[in-house]
Amino acid sequence: MLIGIHLPKTAGTSLREAIDRTPAQKTTAYLYPDPPGISKEQLLAEFPKRHRKTQLIYGHLRFGLHRDLGVEARYLTVLRQPLARALSIFRHHYRHAHSRWHELARAEGIAGLFSLPHSHFTMTRFLATDTDPSGPDDDSYYSGDALLALAKENLATSFAHIGLTEDLARDLPRFSQLIGHPLQVERDNADPQPLAADALSDNERRIIDDALSCDFELYEFAKDLREKSLLAR
């Protein structure tokens, strides 16, 4: 089984739409809070009956779902350069009134958003573990060497492919091979007025760099893994 982790603001929606335009959509379960997705609880309840028909699970989820399902699985995901992703995350919450952090983004800007006591936005958190031993208010759970080490180990041992938003066209042949159908990606959910990095103040850049320090290291690690994988094929 394949499990696709859709990291927010990494062109994951575009990849999902590409999958949905192929016959693979008939054997894919989407985990999202809104249609076409279902909740993790619903998937776990239905999985004993539908698992023979499910070849791909894709959505906003953290590494480790295979343990809850009791299956062996390989993962795939797409990472994005952390600063570019941070700018996109901010703009998303700034633009969309329904988002959890809309008021904060509007009132305090990007510095306020990335000054939260613990980061809700790191790729490292998604890729490390779905188990929360310390509780949501323990900052150490969302950052630090231990979490980064887990994410690196998972990427190195459990992922069939790691894509990059900045070079997604180069990843499509491998993703197509894994899905079993040719994928054609059309960029979706794009910001009509993206925020440029050079518009940040020195303080804003420092806050982002501190909040996403683990992601900057993980991104470089993932780039090396991806390059070795592509060269080996």
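Residues numbered from 1 in each chain as written. Predicted model: local features only at pLDDT ≥ 70, side-chain atom pairs only at ≥ 80, totals over all residues. Heavy atoms only, no water.

What follows concerns the sheet that holds strand β5 (residues 159-164). If you trace the 5 strands from one edge of the open sheet to the other, you get β2-β3-β1-β4-β5, paired in parallel fashion. Both edges of this open sheet fall to β2 (28-31) and β5, since each of them pairs with a single strand only. Each adjacent strand pair in this sheet contributes to an overall mean axis angle of 15°, direction not counted. When strand β1 (residues 2-5) meets strand β3 (residues 56-59), the two strands line up parallel, connected through 4 bridges. Residue Leu2 lies in a different strand from β3, and its bridge partner there is Leu56. (Pairing = 2+ DSSP bridges. Helix = DSSP H or I, 4+ residues; strand = E, 2+ residues; numbered from the N terminus. Axes fitted to C-alpha atoms, helices over the stretch in contact; angles between N-to-C directions.)

Its location among the elements puts Glu186 in the loop between α9 (168-179) and α10 (202-211). Overall, Glu186 belongs to the exposed group, its relative accessible area being 52%. Here the alpha-carbon distance between Glu186 and Ala18, two residues 168 residues apart in the chain, equals 7.3 Å. Excluding anything up to four places from it in sequence, Glu186 contacts Ser14 and Arg21. (Buried < 20%, exposed > 50% of the residue type's maximum accessible area, 1.4 Å probe, protein only. Contact = heavy atoms within 4.5 Å.)

As a further point, take the pattern of salt bridges. Under the definition given, this model contains 11 salt bridges. Residues Asp215 and Arg85 are paired through a salt bridge, measuring 3.9 Å at the closest nitrogen-oxygen approach. Separated by 130 residues along the polypeptide, Asp215 in helix α11 (residues 213-231) and Arg85 in helix α4 (residues 82-95) bring together distant segments of the chain. Judged on exposure class, the residue Asp215 and its partner Arg85 are both buried. A salt bridge links Asp209 to Arg205, with the shortest nitrogen-to-oxygen separation between them at 2.9 Å. Of the two residues, Asp209 and Arg205 are both situated in helix α10; the distance of 4 residues between them amounts to about one turn of the helix. A relative accessible area of 27% places Asp209 in the partly exposed class. The network of salt bridges with shared partners includes Asp167, Arg170, Asp171, Arg226 and Glu227. (Salt bridge = Lys/Arg side-chain N within 4 Å of Asp/Glu carboxyl O.)

In this model, Pro35 is joined to Pro36 through a cis peptide bond whose omega is 10°. Relative to the helices and strands, Pro36 resides in the loop between β2 and α2 (40-50). At Lys9, a residue that is not glycine, the phi angle is positive and equals roughly 65°. Accessibility expressed as a relative area gives 16% for Lys9, which makes it buried.

When pLDDT is averaged across the protein chain, the result is 89; 92% of the residues are at 70 or more. Between residues 133-139, whose pLDDT stays under 50, and residues either more than four places distant or in other chains, the model counts 8 contacts. (pLDDT = per-residue confidence, 0-100.)

Turning our eyes to something else, we now look at the pairing of strand β4 (residues 74-79). Each regular strand carries side chains that alternate between the two faces of the sheet. Counting buried positions along β4 yields 5 of 6 residues, so the element is predominantly enclosed. Direction of pairing for β1 relative to β4: parallel, over a ladder of 4 bridges. Bridge pairing links Leu2 to Arg74 in β4. In this structure, β4 lies alongside β5, joined through 5 bridges in parallel fashion.

Let us look at the packing of α4 against helix α5 (residues 102-113). Packing of α4 against α5 brings their axes to within 8 Å, and their N-to-C directions diverge by 160°. Between α4 and α5, the crossing angle belongs to the class labelled roughly antiparallel. Crossing hand, α4 versus α5: left-handed. Facing α4, whose interface residues are Ala86, Leu87, Ile89, Phe90, His93, Tyr94 and Arg95, α5 presents His102, Ala105, Arg106, Gly109, Ile110 and Leu113. (Parallel < 35°, antiparallel > 145°, perpendicular 65-115°, else oblique. Left-handed = near helix turned anticlockwise from the far one by under 90°.)

Here we come to the environment of Pro23. Along the chain, Pro23 falls in the loop between α1 (12-20) and β2. Between the C-alpha atoms of Pro23 and Phe63, which are 40 residues apart in sequence, the distance is 25 Å.

It is worth spelling out the nonpolar core at this point. In terms of nonpolar packing, the biggest core is built from 31 residues, with Ile5, Leu43, Ile57, Leu65, Leu79, Leu127 and Phe159 touching the most fellow members. Setting aside residues no more than four positions away along its own chain, Leu127 makes contact with Ile5, Leu7, Phe63, Thr77, Leu79, Ala151, Asn154, Leu155, Phe159 and Leu218. Counting residues in hydrophobic clusters, the runner-up holds 19 residues, among them Ala18, Leu76, Leu178 and Leu183. (Core = buried A, V, L, I, M, F, W, Y, C linked by side-chain atoms within 4.5 Å.)

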